[in-house]
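Per-entry structural report
Each chain, written out:
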Amino acid sequence: MKFYLDTAEIFVPDNLPVEEALTRTTHLCIAAHQDDIEIIAAGPILECFQRDDKWFTGVVVTDGRGSPRNGMYEKYSDEAMRLVRFKEQRKAAVVGEYAAQIMLDYPSKVVKDGSSTFPVEDIVALLKETRPQVVFTHNLADKHETHVAVVLRVVTAIRSLPENERPQRLYGCEVWRDLDWMVDSDKTTFDLSQRENLQAALLGVYDSQISGGKRYDLASLARRRANATYFASHDVDDAVGLSYAMDLTALIADPELDIQNYVQDFIDRFAQDVEALITRVL
Ligand SMILES: [Zn+2]
């Protein structure tokens, strides 16, 4: 597999030849930064763990150079930080037994530039090679610019594929801004009650991000617990961990569907829900 940047890499934890490793993929996650995958895609990672018939592949689009740094990492150059973040992402791929981990190595500003076609071309090439059934990425209401840029590139890439080569489903998951605000009927839920140990391990390898005081590991596990506790549906009463996703499948099934309007509809249903409740009790 060739990508636009020759510094892009494909890491295969079990050392299978690259083509064989990639073609076994069933669940593909395309995220902005090293550590986003383990925050947004715990559901599919657990679903594929220790399975011969389901395989999870992770893709990180950016290079990690602009990462915040503190403590022992404070004096690290951008390149040293990039190497640390690549190393951490590879560790997570080993812990989660991913089919493969790809780093596309783009500077954030390239990903955020809508006129730059290279990230989309790389994602198209990956989709063709991996032919996933389900794709996971960021959601359209995330508050991080690079995250929203990535989901837009993913939608563009999938839309460019012939209809019969597109994945069956596309989910936008939560990092910077959770999805609790969506009305319950709009929420796609992933039950994360099992293997909290593995979830903690996947998040815990990101020492360079966590040791600066940002406890993404504790915050992500706590969000899953809070989602489960505050979600009022009877079929998941027993869940002690839940993550939410915005179902973006309609956007890839119909390439003409307007992306802004699509996310606005979720926001409108939330607004109507708030308004209707207040009206009922006023
Ligand atoms: Zn991120």
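Going by the structure above, here's the rest.
Every value quoted in this text rests on a predicted model; they were computed, and no experiment measured them. (Residues numbered from 1 in each chain as written. Predicted model: local features only at pLDDT ≥ 70, side-chain atom pairs only at ≥ 80, totals over all residues. Heavy atoms only, no water.)

Let's shift gears to the coordination of the zinc ion. Binding of the zinc ion to the protein goes through His33 (ND1), Asp36 (OD), Asp36 (OD) and His147 (NE2), at separations of 2.1 to 2.5 Å. Metal-centred angles of 56 to 139° between the four donor atoms at the zinc ion mark the site as irregular. Within one chain, the residues serving as donors to the zinc ion are arranged as H-x2-D-x110-H. One end of the pair, Asp36, is in helix H2 (residues 36-40); the other, His147, is in helix H7 (residues 145-159), with 111 residues separating them in the sequence. Each member of the pair Asp36 and His147 is classed as buried. (Donors = N, O, S within 2.8 Å, 3.2 Å for Na, K, Ca; no water. Tetrahedral: all angles 85-135°; square planar, octahedral: opposite > 155°, others 65-115°. Helix = DSSP H or I, 4+ residues; strand = E, 2+ residues; numbered from the N terminus. Buried < 20%, exposed > 50% of the residue type's maximum accessible area, 1.4 Å probe, protein only.)

On to the packing of aromatic side chains, then. All told, the structure shown has 10 aromatic pairs when counted by the stated rule. Seen in terms of ring centroids, Trp176 and Tyr216 are 6.3 Å apart; in terms of plane orientation they differ by 80°. Their pairing is edge-to-face. Highlighted residues: Trp176 in the loop between strand E6 (169-173) and strand E7 (187-191) and Tyr216 in helix H10 (residues 216-230), separated in sequence by 40 residues. Taking relative accessible area as the criterion, Trp176 reaches 31% and is therefore assigned partly exposed. Linked through ring pairs, Phe136, Tyr171 and Phe190 together constitute an aromatic cluster. Cation over ring: Arg82 sits above Phe86, and NZ or CZ is 4.5 Å from the ring centre. (Phe/Tyr/Trp six-rings, centres within 6.5 Å; stacked < 30°, edge-to-face > 60°. Lys NZ or Arg CZ within 6 Å of the ring centre and 35° of its normal.)

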